[in-house]
Amino acid sequence: MSGINKVILVGHLGKDPEIRTFESGIKKATFSLATTEIRKDKDGNRIETTEWHNIVMWRNLAELAEKYLRKGRQIYVEGRLRTRNWDDANGVRHYFTEVEANTFLFLSPKESYGPTVTQVPNQTVVMAPPPPQPTPPEPSVPDESFSDDMPF
């Protein structure tokens, strides 16, 4: 049985994406994403814990990140964990873990992104729909034709 390597995050960008274009023309975007957990301690005090994630996007996603993503905006990201390692000049091995994104969704208001972003081949990038507007409940009217002649 093969393994599963899937990461799903919802958070806010910690900085504008850094874009790197390689000689081949392929783009790479990197940025940090903050996810915050809010809980209360035993005394009822609110405690916030923020975890920072390194995100990398390639090709079309990197182009969209360059165009639309900015510090503070909220996004949904799906991808997989990748760990790179290298040895420094002193022979010490270093590790760096990042989320290699293959899908993302804008969660900040649509107006802040400009034109609507649609499907990218082999990758999904869409605008989040606006939250549904609450509809008032229909008044309950008793059904006059119903008779309760049942013996139980």
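Residues numbered from 1 in each chain as written. Predicted model: local features only at pLDDT ≥ 70, side-chain atom pairs only at ≥ 80, totals over all residues. Heavy atoms only, no water.

Enquirer: What should I look at first to understand the overall build of the protein chain in this one?
Expert: What the protein chain contains, in helices and strands, is one helix and seven strands. Within the protein chain, buried positions represent 28% of all 152 residues. Contacts in the protein chain between residues at least 24 apart in sequence constitute 52% of all its contacts with a sequence separation of at least 6. Put simply, the protein chain shows about 11,300 Å² of open surface, and 51% of that area lies on carbon and sulfur atoms. (Helix = DSSP H or I, 4+ residues; strand = E, 2+ residues; numbered from the N terminus. Buried < 20%, exposed > 50% of the residue type's maximum accessible area, 1.4 Å probe, protein only. Contact = heavy atoms within 4.5 Å. Areas by Shrake-Rupley, 256 points an atom, 1.4 Å probe, with all protein chains shown as cover.)

Enquirer: How should I be thinking about the pairing of strand β4 (residues 46-58) in this particular structure?
Expert: As judged from the 13 bridges shared by strand β3 (residues 27-40) and β4, these two strands associate in the antiparallel manner. The residue bridging Ser32 from the neighbouring strand is Asn54, located in β4. If you look at the hairpin formed by β3 and β4, you'll find five residues sitting between the two strands, and Gly44 has a positive phi there, around 85 degrees. Pairing of β4 with strand β6 (residues 93-106), which is carried by two bridges, proceeds in the parallel orientation. Within the sheet, the bridge partner assigned to Val56 lies in β6 and is Glu100. (Pairing = 2+ DSSP bridges.)

Enquirer: When you look at the pattern of salt bridges in this model, what are you seeing that I'm missing?
Expert: According to the stated counting rule, one finds eight salt bridges in the structure shown. Among the ionic pairs, Lys15 bridges to Glu18, the shortest N-O distance being 3.1 Å. Note that Asp87 is salt-bridged to Arg93, the shortest N-O span being 3.0 Å. With a relative accessible area of 45%, Asp87 lands in the partly exposed category. Look at the salt bridges and you will find they share partners, linking Arg80, Arg82 and Glu100 into a network. (Salt bridge = Lys/Arg side-chain N within 4 Å of Asp/Glu carboxyl O.)

Enquirer: Even after reading the chapter, I still don't get the nonpolar core, so can you show me in this structure?
Expert: Taken as a class, soluble globular proteins show a tendency for nonpolar side chains to be buried jointly. One finds Ile55, Met57, Leu69 and Phe104 to be the most contacted residues of the largest nonpolar core, which totals 20 residues. Counting only elements with at least two residues in this core, the list comes to β1 (7-13), β3, β4, α1 (59-68), β5 (74-87) and β6. Residue contributions to this core peak at five residues, all from α1. (Core = buried A, V, L, I, M, F, W, Y, C linked by side-chain atoms within 4.5 Å.)

Enquirer: I'm lost on unusual backbone geometry in this one. Help?
Expert: For residues other than glycine, phi is negative in most cases, and the peptide bonds are mostly trans. Positioned with a positive phi, Arg59 is a non-glycine residue whose angle comes to about 50 degrees. Checked against the element boundaries, Arg59 lands in helix α1.

Enquirer: What is the right way to read the environment of Asn54 from this model?
Expert: Relative to the helices and strands, Asn54 is located in strand β4. Given a relative accessible area of 33%, Asn54 falls into the partly exposed group. In this structure, the C-alpha to C-alpha distance between Asn54 and Glu100, residues 46 residues apart in sequence, is 8.7 Å. With residues up to four places along the chain from it excluded, the contact list for Asn54 reads Phe31, Phe96, Thr97, Glu98 and Val99.

Enquirer: What am I meant to see in the environment of Met57 here?
Expert: For Met57, the location among the structural elements is in strand β4. With a relative accessible area of 0%, Met57 lands in the buried category. With 27 residues separating them in the primary sequence, Met57 and Thr30 have C-alpha atoms 6.5 Å apart. If near-sequence neighbours (up to four positions away) are discounted, Met57 is found in contact with Lys27, Lys28, Ala29, Phe31, Ala62, Ala65, Leu69, Ala101 and Phe104.

Just geometry here; none of it tells us what the structure is for.
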